[in-house]
2 protein chains.
Amino acid sequence: MNNVLVAQSGGPTPVINSSLAGVVLEALNDKDVDKVYGAYYGIEGVLKENFLCFNDVDLDEVKYLKTTPSSALGSCRYKLPKYEEDKATFEKLFSIFEKLEIKYFFYIGGNDSMDTINRLSIIAKELNSNTICVGIPKTIDNDLNGIDHSPGFGSCSKYINYTIIESLRDSFVYDKKSVTVLEVMGRNAGWIAASTCIAKQYCGAPDLIYLPEVPFSFEKLEKDLNEVFKTKNNVYVVISEGAKFANGKYISEDETVERDTFGHAKLSGACEVIQNYIKNEMGITTKGTKLDILQRSGMHAASLIDVEEAFELGRHGFEYAKEGKNGYMSALVRNSSLPYNISYTCIPISDVANIEKFLPESFLDENKTGITREGFEYFLPLIQGDVRIPKVDGLPRHSTIKPSNV
Amino acid sequence: MNNVLVAQSGGPTPVINSSLAGVVLEALNDKDVDKVYGAYYGIEGVLKENFLCFNDVDLDEVKYLKTTPSSALGSCRYKLPKYEEDKATFEKLFSIFEKLEIKYFFYIGGNDSMDTINRLSIIAKELNSNTICVGIPKTIDNDLNGIDHSPGFGSCSKYINYTIIESLRDSFVYDKKSVTVLEVMGRNAGWIAASTCIAKQYCGAPDLIYLPEVPFSFEKLEKDLNEVFKTKNNVYVVISEGAKFANGKYISEDETVERDTFGHAKLSGACEVIQNYIKNEMGITTKGTKLDILQRSGMHAASLIDVEEAFELGRHGFEYAKEGKNGYMSALVRNSSLPYNISYTCIPISDVANIEKFLPESFLDENKTGITREGFEYFLPLIQGDVRIPKVDGLPRHSTIKPSNV
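Structural notes, computed from the coordinates. (Residues numbered from 1 in each chain as written. Chains lettered and ligands numbered in written order. Predicted model: local features only at pLDDT ≥ 70, side-chain atom pairs only at ≥ 80, totals over all residues. Heavy atoms only, no water.)

The next subject is the pattern of salt bridges. According to the stated counting rule, one finds 40 salt bridges over all chains in the structure shown. For Lys 79 of chain A, the salt bridge is made with Asp 112 of chain A, and the minimal N-O distance between the two is 3.7 Å. Linking Lys 79 of chain A in the loop between helix 3 (59-64) and helix 4 (87-99) with Asp 112 of chain A in helix 5 (residues 111-126), this pair joins segments that are 33 residues apart in sequence. Asp 32 of chain B is the partner of Lys 322 of chain B in a salt bridge, and the nearest nitrogen-oxygen pair spans 3.5 Å. Of this pair, Lys 322 of chain B sits in helix 11 (residues 304-322) while Asp 32 of chain B sits in the loop between helix 1 (16-29) and strand 2 (36-39), and the two are 290 residues apart along the sequence. The exposure class assigned to Lys 322 of chain B is partly exposed, which follows from its relative accessible area of 34%. On the accessibility criterion, Asp 32 of chain B (39% relative accessible area) is partly exposed. Bridged by salt links that share partners, the residues Lys 79, Asp 112, Asp 115 and Arg 119 of chain A form one connected network. (Salt bridge = Lys/Arg side-chain N within 4 Å of Asp/Glu carboxyl O. Helix = DSSP H or I, 4+ residues; strand = E, 2+ residues; numbered from the N terminus. Buried < 20%, exposed > 50% of the residue type's maximum accessible area, 1.4 Å probe, protein only.)

Taken as rigid bodies, chain A and chain B are interconverted by a rotation of 180° and an axial shift of 0.0 Å, the fit giving an RMSD of 0.0 Å. Seen this way, the second copy is the image of the first under a two-fold rotation axis. The fraction of interface residues of chain A whose copies in chain B are also interface residues reaches 100%, indicating that both copies meet through the same surface. (Least-squares fit on C-alpha atoms with pLDDT ≥ 70 in both. Contact = heavy atoms within 4.5 Å.)

Before going further, it helps to examine the sheet that holds strand 1 (residues 3-8) of chain B. What holds strands together in a sheet is hydrogen bonding between their backbones, with the strands either parallel or antiparallel. Residues and elements named next belong to chain B. Sheet architecture is open: seven strands sit in the order 3-2-1-4-5-10-11, paired in mixed fashion. For this open sheet the edge positions go to strand 3 (51-53) and strand 11 (341-348), each flanked by a neighbour on one side alone. Taking the axes of each pair of neighbouring strands and ignoring which way they run, one obtains an average angle of 25° across the sheet. Summarising the sheet, strand 2 and strand 3 pair through three bridges and their orientation is antiparallel. Paired with Tyr 37 across the two strands is Cys 53, which belongs to strand 3. Lying on the sheet, helix 1 is in contact with strand 1, strand 2, strand 4 (102-109) and strand 5 (132-137); it crosses strand 1 at an angle near 175°. (Pairing = 2+ DSSP bridges. Axes fitted to C-alpha atoms, helices over the stretch in contact; angles between N-to-C directions.)

Moving on: the interface of chain A and chain B. Frequently, the measure chosen for interface size is the accessible area removed from exposure when the parts meet. Counting residues at the interface gives 80 residues for chain A and 80 residues for chain B. Carbon and sulfur atoms make up 55% of the surface buried where chain A meets chain B, a total of about 6,800 Å² over both sides. On inspection of chain A and its partner chain B, the count reaches four salt bridges. Here Lys 391 of chain B and Asp 386 of chain A are joined by a salt bridge, their closest N and O atoms 2.4 Å apart. Looking at the side of chain A that touches chain B, the elements with two or more residues in it are helix 6 (153-171), helix 8 (197-203), helix 10 (270-280), strand 9 (285-290), strand 12 (391-392) and strand 13 (395-396) of chain A. (Buried area = accessible area lost by both parts, 1.4 Å probe.)

It is worth spelling out the nonpolar core at this point. Judged by nonpolar contacts, the single largest core of 84 residues is most densely connected at Ile 160, Leu 359 and Phe 379 of chain A together with Ile 160, Leu 359 and Phe 379 of chain B. Those residues within four positions of Leu 359 of chain B in sequence are excluded, and the remaining contacts are Trp 191, Ala 194, Leu 211, Glu 213, Leu 364, Ile 371 and Phe 379 of chain B. (Core = buried A, V, L, I, M, F, W, Y, C linked by side-chain atoms within 4.5 Å.)

The subject of this paragraph is helix 6 of chain A. Each full turn of the α-helix corresponds to 3.6 residues, which orients residues three or four apart in the same direction. With 19 residues, helix 6 of chain A should reach 27 Å at 1.5 Å per residue; the first-to-last C-alpha distance of 26 Å fits that figure. Most of helix 6 of chain A sits inside the fold, with 19 of its 19 residues counted as buried. (Expected span 1.5 Å × (residues − 1).)

Time to look at the environment of Asn 161 of chain A. Within the element layout of this structure, Asn 161 of chain A appears in helix 6. Residue Asn 161 of chain A is classed as buried on the basis of its relative accessible area, which comes to 0%. With 83 residues separating them along the chain, Asn 161 of chain A and Lys 244 of chain A place their C-alpha atoms 23 Å apart. Look past the residues within four positions of Asn 161 of chain A in its chain and what remains in contact with it is Ser 195, Thr 196, Ile 198 and Ala 199 of chain A together with Leu 395 of chain B.

Take the environment of Tyr 41 of chain B next. Residues and elements named next belong to chain B. Assignment of secondary structure puts Tyr 41 in the loop between strand 2 and helix 2 (42-47). A relative accessible area of 4% means that Tyr 41 is categorised as buried. Considered as a pair, Tyr 41 and Ala 7 are 34 residues apart in the sequence and their alpha carbons are 7.4 Å apart. A polar contact is formed between the side chain of Tyr 41 and the backbone nitrogen of Asn 405, at a distance of 3.2 Å. (Polar contact = N/O pair within 3.5 Å; in protein donor to acceptor, adjacent residues only side chain to side chain.)

Put into C-alpha cells, the structure is as follows:
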C-alpha cells in the first residue's frame with residue numbers, strides 16, 4: 001500500500017488549512033495512493049496514533065478547508081527528543097509509519113516543525129524506513145529561511161493593513177491630541193509590523209513602527225512622537241509584541257507594569273507598556289489594541305494570493321514527495337514584484353530548520369521607524385486579491401473537520 | 001436661500017458616513033436647496049464656524065462616504081449648556097444658522113446628540129428661528145429608544161461574529177484546557193455582546209456571555225466555566241466592557257488590578273480582569289482580546305443591510321425635514337424578522353433623547369449567559385449581506401473627506 005500521512009504544527013495561520021487541502025486533494029486524486037491519513041495535534045498525535053482517514057471524509061469538507069482558518073487537525077508545540085538520548089521514540093514513530101504503510105509524510109509548520117521533518121528525514125534512512133518526509137511551510141511571522149515569503153504572512157498582513165486603514169479614521173475624529181497603538185505579532189522578526197508600510201503609503205498611517213530588530217527606548221519613543229506631533233494631532237503607532245530594549249529584554253517584561261497588587265504576573269503586552277508611558281509620562285490620550293490571535297485567524301480579510309500559494313505549496317509538496325525528495329521543503333521563489341511572478345520549487349530542509357530570517361537592514365529608513373520603497377515593493381503583492389468564502393446565513397461556511405478533542 | 005447643514009457627533013460607527021452620504025446626496029439633488037454645508041467636529045464646529053461646503057466637493061468623494069467608516073466630518077463629546085444658564089451660546093448658534101441661511105439642520109448621533117437636537121428644535125421656536133432640526137440615529141450600542149435597531153449596530157455585530165467564528169478555531173488547536181476571552185463594547189447595555197448568539201448558533205461559541213444588565217461575580221464565572229469544562233476543553237467567553245458587580249461597580253475598576261507599581265491608574269478592561277482571575281485563581285491558560293475601536297470601524301466586514309439602512313435613514317431624514325418635521329428623528333420599524341421587512345418613519349426626538357434601551361429580559365436564558373431564540377431572531381437579519389467596497393491596490397478606497405485638523 002502507498003499511504004499518505006499529513007499533520008500540522010506550530011501556531012495557526014489563516015491559510016494553513018489551504019496547504020492541508022492542497023496535499024490531501026492531490027493525494028486523494030492520485031491513483032497510486034491508497035489511504036490519506038491526517039494526524040491530530042501534530043507529531044504528538046502520530047505518537048498517540050490519533051488519526052483521521054480523509055478517504056472517509058466528505059470531499060466537500062476537504063475543499064472547504066481552503067477557506068477555513070487555523071489548524072483543522074489541531075497542533076502541538078512538542079519538540080522531538082534527541083535521537084541519541086531517546087531512540088525509542090523514533091523507533092515507535094517509524095514503526096507506526098510502517099504499520100500504516102506510510103510512504104509519504106508531510107508536516108505543515110514553521111521553523112521548529114521543519115527541524116522535526118529534517119531530523120525524521122535523516123533518521124528514516126538510519127532506521128531503514130522508506131517513508132519520504134517533506135515539509136510544507138507556514139508561518140504568519142515570515143521568518144522562514146530559503147523561501148521568498150511564508151504562506152500565512154500575506155493574509156495576516158492584509159488583515160492588519162485593513163485594520164489600520166479603517167481604525168485610523170476612528171483615531172482622528174476628535175479635535176484632540178492622541179496616540180493610537182496597535183500591537184501585532186512578531187516575537188523576534190518584525191516582518192508583520194514592517195508590512196504596515198502598505199497602509200502608510202495608502203493613508204499615511206502608521207506614523208511610527210517599532211520592530212524587534214531595532215532597540216527600543218522610551219526616550220526615543222517620546223522624541224519620535226513629539227516629532228510627529230509637529231505636523232499632526234493624532235499619531236498612529238504599530239509595535240511588534242517582541243519590541244526589545246537595548247539590553248535585549250522584551251519591553252512587555254518591563255518591571256513597572258509587570259505585577260498586580262497580589263504580586264501576580266500581569267498579562268500585559270508591548271502595547272499596554274507604551275500606552276501607560278504615553279498616558280502617565282506624556283499626559284496624552286491613548287487608545288490601543290493587541291490583535292492577538294485575530295491576526296492569524298482573520299480569513300474574512302485573507303489575501304487571495306496567499307490562499308492560492310498555500311494550496312499550491314501543499315499540492316507541489318505532494319509531487320516533490322512522489323519524486324522522492326526526502327528531507328525537502330516545498331518552496332517558492334519570486335521572479336519579480338511588479339508584475340508579481342513566482343515559481344514553485346523545493347529546497348533542502350536543512351537550509352530552513354532552526355534558522356530565523358530577519359528583516360533586511362535595507363528595508364529600514366533612517367530613523368528605523370519607517371520602511372523603504374524596497375520594502376514596500378516586497379510586501380505589496382502579498383496582500384492582493386479577495387477570497388470568495390462560501391456562506392450560510394451571511395456567515396462563513398467553514399469545514400466541519402476539527403481536532404479530535406473538540 | 002435654502003441651505004442645509006449637517007454634522008456628526010458621539011462615537012463613530014462603520015456606517016455613520018453612509019447616513020451622511022444619504023443626507024448630502026439627497027440635499028444636493030434637491031432643486032430647492034442652494035448650499036449643503038457640513039460642520040467639522042459636531043456642534044462645536046458649528047459654534048466655531050468650521051464648515052465644509054459639499055457643493056465644492058467632488059461628488060464621487062461624497063459617494064465614497066457610503067463605504068468609508070468612522071465620522072468623516074469629525075465628532076465631539078460637547079454637551080450644550082442649559083438654555084436658562086447660557087442663552088448666549090444658543091443665540092450665537094442660531095445667529096450662525098441665520099447668517100448661513102440654514103433651513104435644515106441635521107445631527108447624526110446617539111442619545112446625547114438627540115438631546116442636543118431636541119433642545120435646539122425647542123429653542124428654535126423660542127428664538128423665532130425657522131431652522132428645522134432633524135436627528136439621524138447612529139450608535140453601535142443599539143441603545144436608542146424608539147427605533148427597532150440603531151444603524152452601526154449590525155455592522156459592529158457582524159464584525160464581532162466573524163471574529164468569534166474565526167478565532168474560535170484558533171482557540172482549540174492545542175490539546176489543552178483553555179479559556180479565550182473577547183471584550184466588546186457596551187457600557188450599560190449588552191446588545192453587542194448578546195448579538196454574538198449568532199456565532200453561538202452557528203459554531204457553538206461563545207459558551208458564556210457576560211452583560212452589563214446581569215450582575216457579575218467571580219464565583220459565578222468560576223462556576224459557569226467549570227460547568228462548560230464538563231463537556232469541552234476550550235471555553236470561549238464574550239464580555240461587555242460594562243460588566244458590573246452587584247454593587248454597580250464596573251469590573252474593570254476592580255482594585256486588585258487597577259494600579260501599577262507607581263500607583264498610576266492602569267489601562268485595563270473587563271477582559272484583562274477576568275483573564276487575570278482565570279490565570280491566577282483557576283490556573284488555566286487564557287488568551288484574550290479587547291476589540292476596542294476596531295469593532296466600530298470594521299467596514300470590511302460591514303453588514304449590507306446596515307449600510308443601506310443608514311443611507312436611507314439619512315435620505316428619509318432630509319425628506320422629513322422638507323415636510324417640516326422639526327424635532328423629529330428619522331427612524332425605522334420592523335414589520336417582520338423572517339422574512340426581514342422594515343418601514344421608514346420618523347418619531348418625536350423627545351421619545352429618544354437621554355433614554356437608554358436595555359436588552360429585554362426575554363432575550364436572556366435561564367443562566368443569563370446565553371440568548372433565547374427570540375433574541376437570535378431579532379439579531380440575525382441585521383448582519384446580512386456583504387458590502388462591495390471600491391478598491392485600489394487591493395485596499396479600500398475611502399472618501400478623501402476628513403476632519404479639518406487632519
